[in-house]
Amino acid sequence: MKISKELFTAKKYADGSSPVMIRINHRGIVKRICTSIKCDINHWNEEKECVTDKDVGHRHKNEEIEAAMRRVAGRIQDFLDDCLSRQLDNLSSLLPEEYCTEGQSVEIVRKEATSFLSIIDKKIESTGSLNTKRGYNTFRKYFNKRFGYGPCGYDINQKFVYDVVSALEKDYPADSSMRHLIGSRFNAILNFGKANALIPASFNARMPKYRLLPGDRNLSEDELRIIFNTFYSGTRGGFHIDDLRMLSLSLFILDIAFQGLAPVDLASLKINDLRFSTIYAPIKPESAPSMSANPTSSGKEDRDSMEVVAFTTLRKKTGQPVSVIACLKPIEPIIKTLTDGKAPDDYLIPCFVKSKSYSPERCQNRLANFFYKMSVYLNETINDNRQAPHLFKNKVTYYFARHAYCNIVDSLDIPRHIIQNLVGHRSTVLEKSYLRPISNWEQAVVSREIFRILMP
């Protein structure tokens, strides 16, 4: 049996694209399972079976295709395992007990193969997101240490759930994020087992919901001013990318300018993603161009203009497209330093190296280590400021920049649905189809206003 991915060009959508299929070939019999992804034929790499980077959403699409393929492969493997278990049951009824190795019955082997730990492994294999997979691996380590293999899927009962609840409440306090993580993962695996016939569908027990109290990631305006003042006072004579303290500050400010991008999205930007241009304020009705035989000029020279840097990206977490338009002037020293001497396909920030190929796990570890190191330098720098120890109540991470951007924009009375689109959160049908989107000029004005408030 061979499972592969293919672009099914025999079917065409109205926009000329074709669906991506999971192709199953078993002894010459071919079956295809359609995924939710569609792709233009010019954006499909047949040899590597993936969407190329010519497609703006290629990262998200490839992750969805991989996840679909793992689900198909997992279902096939579950079917084969189930068939094998039934055959072993039939075999055990035919063979005398002495044929079982070292007195171990076939039934015991079957139960070990369908243990709760193996159900956790199947859930991990079917998970596409690397961060989500890490969460399930954390749960697996805890469960294996506490319960070993656990019971067979079909032997799971209310007592087993009570045992897990008791262990969890004994090991972690009520407000612990770890208790919330393990409890939610346990519920998810119970649902996964029922959906895949690994746990009886009639089993309805669930873990209690543990309330997760989110950490305070908000910065006051005074705290933000300290960060901005520290950076701009330290760059009056210019700064170099090798100055890690100034680099840590510049990344925080750049993150706010780029509409609160998450660190993983900021790290994935390349030089050729950025577009530099001049945009102009909309023409007011009273100053519209004349329709006479001798029309006047368009009046650009009389309108407010702004140099901007713009790009479009997809949020790694949600797959939502994000269009960023930032006023260039306040961040020009940062952009100039980060782009100086680099090729168009180099990364904007020095997190990844273009010439190296990273596995998903190594990519995630490198990202985490880079931003952890930068946050150490960031906190050292801002706490050296004599005002800082009296103001900063929490250790600052780069996710604070995302919160800061949202809070500042909210203070400018920008509608919530627009903020939602600016930061790449999932939108409702109403927000997508009916509410007026923000224009390029309005977006650039928001960027300029943020720096007007915070710059020294």
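Computed from a predicted model, the values in this text were never measured in an experiment. (Residues numbered from 1 in each chain as written. Predicted model: local features only at pLDDT ≥ 70, side-chain atom pairs only at ≥ 80, totals over all residues. Heavy atoms only, no water.)

**Let's talk about the overall build of the protein**
- In terms of regular secondary structure, the protein is built from 15 helices and eight strands.
- With 456 residues in all, the protein has 41% of them scored as buried.
- Counting contacts in the protein only where the partners sit at least 6 residues apart, residues at least 24 apart contribute 61% of the total.
- Accessible surface, the protein: about 25900 Å² in total, of which carbon and sulfur atoms supply 51%. (Helix = DSSP H or I, 4+ residues; strand = E, 2+ residues; numbered from the N terminus. Buried < 20%, exposed > 50% of the residue type's maximum accessible area, 1.4 Å probe, protein only. Contact = heavy atoms within 4.5 Å. Areas by Shrake-Rupley, 256 points an atom, 1.4 Å probe, with all protein chains shown as cover.)

**Notes on the sheet that holds strand 3 (residues 29–39)**
- Spatial strand order, 1-2-3: three strands in an open sheet with antiparallel pairing. Edge positions in the sheet fall to strand 1 (2–7) and strand 3, since each has one partner strand and no second. Adjacent strand axes in the sheet meet at a mean angle of 25 degrees when their direction is disregarded. (Pairing = 2+ DSSP bridges. Axes fitted to C-alpha atoms, helices over the stretch in contact; angles between N-to-C directions.)

**Focus: the state of the cysteines**
- A full pass over the atoms with the stated rule returns zero disulfides.
- Unpaired in terms of disulfides, Cys50 finds its nearest cysteine sulfur in Cys39, a separation of 9.2 Å.
- Judged by relative accessible area, Cys50 falls into the partly exposed class, the value being 22%. (Disulfide = S-S within 2.5 Å.)

**Notes on the side chain of Lys61**
- Structurally, the position occupied by Lys61 is in helix 1 (residues 58–94).
- Residues within four places of Lys61 in sequence aside, it is in contact with Ile37, Lys38, Val51 and Asp55.

**Structural notes on the sheet that holds strand 6 (residues 275–280)**
- A sheet is described by the order of its strands in space; here three strands give the open sequence 6-7-8, paired in antiparallel fashion. Two strands in the sheet have a free side with no partner beyond their single neighbour: strand 6 and strand 8 (321–327). Geometrically, the sheet is characterised by an average inter-axis angle of 35 degrees between neighbouring strands, direction not taken into account.

**Examining the pairing of strand 3**
- Relative to strand 3, strand 2 (residues 18–26) runs antiparallel, the two being bridged by eight bridges. Paired with His26 across the bridge in strand 3 is Ile29.
- Hairpin remark: strand 2 followed by strand 3, antiparallel, with two residues in the connecting loop; positive phi at Arg27, about 55 degrees.

**Re unusual backbone geometry**
- Positive phi outside glycine occurs at Glu49, with the angle close to 55 degrees.
- Within the element layout of this structure, Glu49 appears in the loop between strand 4 (44–45) and strand 5 (50–51).
- Residue classification places Glu49 among the partly exposed residues on the basis of a relative accessible area of 23%.
- Phi at Ala197 takes a positive value of approximately 60 degrees, unusual for a residue other than glycine.
- Its place among the elements puts Ala197 in the loop between helix 6 (177–195) and helix 7 (221–234).
- We classify Ala197 as partly exposed; its relative accessible area is 47%.

**Considering the pairing of strand 8**
- For strand 8, a buried count of five out of seven residues is recorded, marking the element as mostly surrounded by other parts of the structure.
- In this structure, strand 7 (residues 305–314) lies alongside strand 8, joined through seven bridges in antiparallel fashion. Pairing of Ala310 across the sheet is with Ile325, part of strand 8.
- Taking the residues that link successive antiparallel strands as the turn, the strand 7-strand 8 hairpin has six residues, and the phi of Gly319 there is positive, at about 75 degrees.

**Here we look at the environment of Ala267**
- Checked against the element boundaries, Ala267 lands in helix 9 (residues 263–267).
- Overall, Ala267 belongs to the buried group, its relative accessible area being 0%.
- Along the primary structure Ala267 and Tyr347 are separated by 80 residues, whereas in three dimensions their C-alpha atoms are 7.4 Å apart.

**Some remarks on the packing of aromatic side chains**
- Taken as a whole and assessed by the stated rule, the structure comprises 18 aromatic pairs.
- Between Phe370 and Phe371, the ring centres sit 5.2 Å apart and the planes meet at 90 degrees, which makes this aromatic pair edge-to-face.
- Judged by its relative accessible area of 7%, Phe371 is buried.
- Here the aromatic cluster, defined as three or more aromatic residues joined through ring pairs, consists of Phe116, Phe139, Phe143, Phe147, Phe160 and Phe186.
- The ring of Tyr13 has Lys38 lying over it, and the distance from NZ or CZ to the ring centre is 5.3 Å.
- Between the NZ or CZ atom of Lys270 and the centre of the ring of Tyr347, over which it lies, the distance is 5.0 Å. (Phe/Tyr/Trp six-rings, centres within 6.5 Å; stacked < 30°, edge-to-face > 60°. Lys NZ or Arg CZ within 6 Å of the ring centre and 35° of its normal.)

**Quick look at the environment of Lys316**
- Within the secondary structure, Lys316 sits in the loop between strand 7 and strand 8.
- Its relative accessible area of 43% is what places Lys316 among the partly exposed residues.
- Along the chain, Lys316 and Ser268 lie 48 residues apart, while their C-alpha atoms are 9.4 Å from each other.
- Residues contacting Lys316, with those up to four places away along its chain left out, are Glu63, Val264 and Asp265.

**Some points on the packing of helix 8 (residues 244–257) against helix 12 (residues 399–411)**
- At their nearest, the axes of helix 8 and helix 12 sit 8 Å apart, and the two run at 40 degrees to each other. Considering the angle they form, helix 8 stands oblique to helix 12. Relative to helix 12, helix 8 is oriented so that their crossing is right-handed. Contacts between helix 8 and helix 12 pair Phe252, Asp255 and Ile256 from the former with Phe400, Ala401, Ala404 and Tyr405 from the latter.
- Tallied by class, the residues present in the contact of helix 8 with helix 12 amount to six nonpolar, no polar and one charged. (Parallel < 35°, antiparallel > 145°, perpendicular 65-115°, else oblique. Left-handed = near helix turned anticlockwise from the far one by under 90°. Nonpolar A, V, L, I, M, F, W, Y, C, P; charged D, E, K, R; others polar.)

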